[in-house]
Amino acid sequence: QQPVQSPQAVILREGEDAVINCSSSKALYSVHWYRQKHGEAPVFLMILLKGGEQKGHDKISASFNEKKQQSSLYLTASQLSYSGTYFCGTSKTSYDKVIFGPGTSLSVIP
Amino acid sequence: GAGVSQTPSNKVTEKGKYVELRCDPISGHTALYWYRQSLGQGPEFLIYFQGTGAADDSGLPNDRFFAVRPEGSVSTLKIQRTERGDSAVYLCASRARDRGDEQFFGPGTRLTVL
């Protein structure tokens, strides 16, 4: 089942924060987050497996709620390099195919 | 080290023709995935190989699409009797055996069917 993402698009000024949400009507086994810059391949950000889990590196972090039906990606003090399309995805096991959401376009402007 | 490579980077063909798209995964990666991505959409799963065998081909849209990985490394996605609706970017990804998380994507092959 394809996850739903919101918002579809967001424009930020450098230094502002953003939250991207990923949800499903059924519990997800896992949530994968990827970022894709225009014309490039998607790049892995992180995976969350457990309800209540939080993960992050640098100024990008994510959470997975207890019911495992929603994940949020947090980008703090955004930089120009954060621009791109963010996809969440889910898989039955962490080794399985990933079913991706439709993506959230994020643009950071000076 | 070298990442996932895909050839050709661009392929333009006419409706009804046959095309082959190649993926070279990261050396030693046992899992290989094919996805396709249409403009403004997320990657859509096509097929997943674990070694030489297709572990899951549930995403192949119809029998015009076929993929092989005869030696457990390079994979070829084959599309027969191409249709205009097949136009998309075809992405390949690979994953290490013991890493159940990150899939490393290649740059993709942009297929245009005229």
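The structure we're discussing is the one just above.
Residues numbered from 1 in each chain as written. Chains lettered and ligands numbered in written order. Predicted model: local features only at pLDDT ≥ 70, side-chain atom pairs only at ≥ 80, totals over all residues. Heavy atoms only, no water.

What follows is about the overall build of chain A. What chain A contains, in helices and strands, is 0 helices and 11 strands. What you see in chain A, going N to C, is helices and strands ordered as β-β-β-β-β-β-β-β-β-β-β. Compactness check: chain A gives a C-alpha radius of gyration of 13 Å against a globular reference of 13 Å for 110 residues, within 12% of the reference. Based on the C-alpha atoms only, the size of chain A along its principal axes is roughly 40 × 30 × 20 Å. (Helix = DSSP H or I, 4+ residues; strand = E, 2+ residues; numbered from the N terminus. Rg over C-alpha atoms; globule rule 2.2 N^0.38 Å.)

This next bit is on the layout of surface pockets. In this structure, the largest pocket occupies an estimated 670 Å³ of space. In terms of lining residues, the largest pocket is bounded by 30 residues, among which Gln36 and His38 of chain A together with Gln37, Leu39 and Gly40 of chain B are the most central. Looking at the lining of the largest pocket, the elements with two or more residues in it are β9 (84-90) and β11 (104-109) of chain A together with β9 (88-95) and β11 (109-113) of chain B. At 4 residues, the largest contribution of residues to the lining of the largest pocket is made by β11 of chain B. Within the lining of the largest pocket, the residues separate by chemical class into 8 nonpolar, 19 polar and 3 charged. There is about 220 Å³ of room inside the second largest pocket. (1 Å grid on protein atoms, 1.4 Å probe; cavity = no way out; pocket = protein on both sides within 12 Å on 5 of 7 lines; lining within 4 Å. Points joined across faces, edges and corners; volume = space filled by probe spheres on them. Nonpolar A, V, L, I, M, F, W, Y, C, P; charged D, E, K, R; others polar.)

A separate point is the state of the cysteines. All names here are of chain A. Here the structure, examined in full by the defined rule, presents 2 disulfides over all chains. Paired by a disulfide, Cys22 and Cys88 hold their sulfur atoms 2.1 Å apart. Taking the sign of the S-S torsion, about 75° here, the bridge from Cys22 to Cys88 comes out right-handed. With Cys22 in strand β3 (residues 18-23) and Cys88 in strand β9, the pair connects residues that are 66 residues apart, well separated along the chain. The exposure classification of Cys22 matches that of Cys88, with both residues buried. (Disulfide = S-S within 2.5 Å. Buried < 20%, exposed > 50% of the residue type's maximum accessible area, 1.4 Å probe, protein only.)

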